[in-house]
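# Structural description and commentary
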Amino acid sequence: MRIVICGAGQVGYGIAERLAAERNDVCVIDSSPKLISILRERLDVRGVVGHGAHPEILAQAGAEQADMLIAVTQSDEVNMIACQVAHSVFKVPTKIARVRAQSYLAPHWRDLFSREGIPIDVVISPEVEVGETVIRRLSLPGAIESISVADDQVIVFAVTCNRDCRMVETPLKQLTELFPDLGAVVVGAVRGTQARVLGGNDALEPGDVAYVVARADQVKRTLAIFGHDVGEAKRVVIVGAGNIGFYVAKGLEARGSKVRLKMIEASAARAEEVAQALSHTVVLNGSALDQSLLLEAEVGQADTVVTLTNDDQANILAGVMAKQLGCKRSLVLINSTTYPDFTAALGIDAYIAPRAVTVSRVLRHVRRGRIRSVHALQNGAAEVIEADALETSPLIGRPLREVDLPAGVRIGAIYRNRSVILPRGDTTIHPRDRIVLFAEKERVRQVEHMFRVSLEFF
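Under the annotation held in an unreviewed UniProt entry, the protein chain carries the name Trk system potassium uptake protein TrkA and is attributed to Pseudoxanthobacter soli DSM 19599.

### Focus on the sheet that holds strand 15 (residues 304-307)
As a general point, the strands of a sheet are linked pairwise by backbone hydrogen bonds and lie either parallel or antiparallel. Spatially, six strands are ordered 14-13-12-15-16-17 in an open sheet, and the strand pairing comes out parallel. At either end of the open sheet lies a strand with only one pairing partner, and these are strand 14 (281-285) and strand 17 (350-352). Neighbour-to-neighbour, the strand axes of the sheet open up by a mean angle of 20°, direction not taken into account. In this sheet, strand 15 lies alongside strand 12 (residues 235-239) in parallel orientation, the contact comprising four bridges. For Val-237, the partnering residue across the bridge sits in strand 15 and is Val-305. Sheet strands touched by helix 8 (residues 243-254): strand 12, strand 13 (260-265), strand 14 and strand 16 (329-333). Its angle to strand 13, the strand with the most contacts, is close to 165°.

### Thoughts on the domain arrangement of the protein chain
By domain assignment, the protein chain separates into domain 1 (2-124), domain 2 (131-226), domain 3 (235-355) and domain 4 (358-451). When each unit is reduced to the centre of its C-alpha atoms, the spacing between domain 3 and domain 4 is 36 Å.

### Here's the deal with the pattern of salt bridges
According to the stated counting rule, one finds 22 salt bridges in the structure shown. Among the ionic pairs, Arg-418 bridges to Asp-151, the shortest N-O distance being 3.6 Å. Of this pair, Arg-418 sits in the loop between strand 20 (409-416) and strand 21 (419-421) while Asp-151 sits in the loop between strand 7 (145-149) and strand 8 (154-160); the two residues are 267 residues apart in sequence, bridging distant segments of the chain. Of the charged contacts in the structure, one is a salt bridge between Glu-273 and Arg-270, with a shortest N-O distance of 3.3 Å. Remark: Arg-270 and Glu-273 occur in helix 9 (residues 268-277); sequence separation between them is three residues, near one turn of the helix. Glu-273 sits in the partly exposed class, given a relative accessible area of 46%. Because the salt bridges share partners, they merge into one network encompassing Asp-151, Glu-386, Arg-418 and Arg-434.

### As for the layout of surface pockets
Approximately 830 Å³ is the volume attributed to the second largest pocket. In terms of lining residues, the second largest pocket is bounded by 45 residues, among which Gln-74, Arg-100, Glu-127, Asn-310 and Asn-335 are the most central. Residue assignment for the lining of the second largest pocket shows that the elements contributing at least two residues are helix 1 (10-21), strand 2 (25-30), helix 5 (126-139), helix 8, strand 13, helix 11 (312-324) and helix 12 (354-366). In the lining of the second largest pocket, the residues fall into 19 nonpolar, 20 polar and six charged. Shared between two domains, the lining of the second largest pocket takes at least three residues from each, and those domains are domain 1 (2-124) and domain 3 (235-355).

### A word on the UniProt feature "domain: RCK N-terminal" (unreviewed entry) in the protein chain
This chain's UniProt record puts "domain: RCK N-terminal" (unreviewed entry) on residues 1-124 and 233-352. In this annotation, residues 1-124 is assigned 33% helix and 22% strand; the end-to-end C-alpha distance for the span is 21 Å. With 34% helix and 23% strand, residues 233-352 has end C-alpha atoms that lie 17 Å from one another.

### Brief notes about the UniProt feature "domain: RCK C-terminal" (unreviewed entry) in the protein chain
Under the present numbering, the feature "domain: RCK C-terminal" (unreviewed entry) in UniProt falls on residues 144-228 and 372-453. Along residues 144-228, the helical share is 16% and the strand share 36%, with 10 Å between the first and last C-alpha atoms.

### Regarding the confidence of the model for the protein chain
Averaged over all residues, the pLDDT of the protein chain is 89; the fraction at 70 or higher stands at 98%. Every residue in residues 453-458 scores below 50 in pLDDT, and together they form twelve contacts with partners more than four places removed in sequence or on other chains.

### Regarding unusual backbone geometry
Phi is mostly negative for residues that are not glycine, and the peptide bonds are mostly trans. In this structure, Ala-150 takes a positive phi of about 50° despite not being glycine. Relative to the helices and strands, Ala-150 resides in the loop between strand 7 and strand 8. Taking the relative accessible area as the measure of exposure, Ala-150 reaches 1% and is therefore buried.

### Notes on the packing of helix 1 against helix 12
Look at helix 1 against helix 12: their axes get within 9 Å of each other, and the N-to-C directions meet at 45°. Classified by the angle their axes make, helix 1 and helix 12 are oblique. Crossing angle aside, the handedness with which helix 1 passes helix 12 is right-handed. Side by side, helix 1 and helix 12 meet where Gln-10, Val-11, Tyr-13, Gly-14, Ile-15, Glu-17, Arg-18 and Leu-19 of the first sit next to Arg-355, Thr-358, Val-359, Val-362, Leu-363 and Val-366 of the second. Each residue belonging to the contact of helix 1 with helix 12 can be placed in one class, and the counts come to eight nonpolar, three polar and three charged.

### Let's talk about empty space enclosed by the protein
Tallying each qualifying case throughout the model produces one cavity of 30 Å³ or more. Taken together, Arg-137, Leu-138, Pro-141, Ala-143, Ile-144, Thr-304, Arg-329, Ser-330, Leu-331 and Ala-350 form the lining of the largest cavity. Considering each element in turn, the lining of the largest cavity owes the most residues, three residues, to strand 16. Classifying every residue of the lining of the largest cavity gives six nonpolar, two polar and two charged. Here the lining of the largest cavity spans two domains, and each of domain 2 (131-226) and domain 3 (235-355) adds at least three residues to it.

### What about the nonpolar core?
Ranked by internal contacts, the top residues of the largest apolar core, which has 52 residues, are Val-134 and Val-248. Per-element tally for this core: the top contributor is helix 8, with five residues. Counting 46 residues, the second-largest nonpolar core is a separate cluster that includes Ile-36, Ile-124, Ile-371 and Leu-437.

### Considering the packing of helix 5 against helix 8
Where helix 5 meets helix 8, the axes come as close as 9 Å, and the angle between the chain directions of the two elements is 50°. Classified by the interaxial angle, the pair formed by helix 5 and helix 8 is oblique. The chirality of how helix 5 crosses helix 8 is right-handed. From helix 5, Glu-127, Val-128, Val-130, Gly-131, Glu-132, Val-134, Ile-135 and Leu-138 reach across to helix 8, where they touch Asn-243, Ile-244, Tyr-247, Val-248, Gly-251 and Leu-252. Here the contact of helix 5 with helix 8 is composed, by residue class, of nine nonpolar, three polar and two charged.

Rules and cut-offs
Residues numbered from 1 in each chain as written. Predicted model: local features only at pLDDT ≥ 70, side-chain atom pairs only at ≥ 80, totals over all residues. Heavy atoms only, no water. Pairing = 2+ DSSP bridges. Helix = DSSP H or I, 4+ residues; strand = E, 2+ residues; numbered from the N terminus. Axes fitted to C-alpha atoms, helices over the stretch in contact; angles between N-to-C directions. Contact = heavy atoms within 4.5 Å. Domains from an automatic or database assignment. Salt bridge = Lys/Arg side-chain N within 4 Å of Asp/Glu carboxyl O. Buried < 20%, exposed > 50% of the residue type's maximum accessible area, 1.4 Å probe, protein only. 1 Å grid on protein atoms, 1.4 Å probe; cavity = no way out; pocket = protein on both sides within 12 Å on 5 of 7 lines; lining within 4 Å. Points joined across faces, edges and corners; volume = space filled by probe spheres on them. Nonpolar A, V, L, I, M, F, W, Y, C, P; charged D, E, K, R; others polar. UniProt positions renumbered as here; feature names shortened; annotations may be inferred. pLDDT = per-residue confidence, 0-100. Parallel < 35°, antiparallel > 145°, perpendicular 65-115°, else oblique. Left-handed = near helix turned anticlockwise from the far one by under 90°. Core = buried A, V, L, I, M, F, W, Y, C linked by side-chain atoms within 4.5 Å.

See the structure below:
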């Protein structure tokens, strides 16, 4: 696939890294010679220095032959114009743009991004994506990661296996005997930095991060079995009233949540603006690194502190301070790719990486075949993929025990006629079933092939 990426920042670099590793033909445009130089040195991609919306620069990047343009510069307007030029001049079939300003995304402007307006096929808003991720995490505080698929009937979540967890050092096939009616399947684990699929003869080890696919009504029970029986957060302190923090608070209020919210914002003007826009949230003005302000916010009595400023170090330190003052859990926003390795040692319970969230959203539209959604895990070490099974798929019509499923791929659930089926050896997949899979990164292409419309791979 030939792909042009406008923007070599953290998100652009992350997308280029993933796509280049999968042997796509990638060219990245950025106005910074330094960023393009770094990208050329580290990745197998082409780089062009220049303005991503200028026709001559897009031509130099090969837009005329491109299958897709992904515009993720820091400027919404540059991203929009790049898509317009790619459409009008170069006839690029698929255009994806990051749009951060919420005013562009208001419901009454929904026709703005269309063939008749600005021709963007997929609009990605990091604030919305990350905000929704935060809200999901608050509803399942015992999980360090959670993904909703199959019309929200299936939840894929990650949980840390502590030494006293009764699920560790037991072959997974025995877990079915221990919990015969449990609507959940352990599909894989991250051990150290390596993601791997787990089969019936494998066992979890202390320190593993286990990935579990469960029916939505079985998630809390499964978390309890893993020793993470944590109730939904009722008292939450949000640090940072920027776009994401405001989205989370507004979203919780709109959903009629019973969460008692307090928010800390360093800017007096922003704190006043947000306080007027929210109905049931107490907004405090000051630094979250001021212990007296944390005490005023009653962070010691909070179930969760969520730090959502633009400063990674401030987010981490505020999370650590809140835990020291008695807060039960911390959820921290981290943009850097280096800091997550130290979060556990600092006592941070969970973190959110905006780059990973955005990359996952883009990958859904890059993947070939009937792929509904893609979620990158652990910085791309594995993916959760939701796909439609077609008549031509090699999965159709045979018991799963007879299907030659690639090593490194595990089916976690089948969604059929609004019912969730957990896979067993005698389970047969039907056409139009929705399949939820866990796949190691080296096997993603094979998963795509299983869901291709064409017969060329079968």
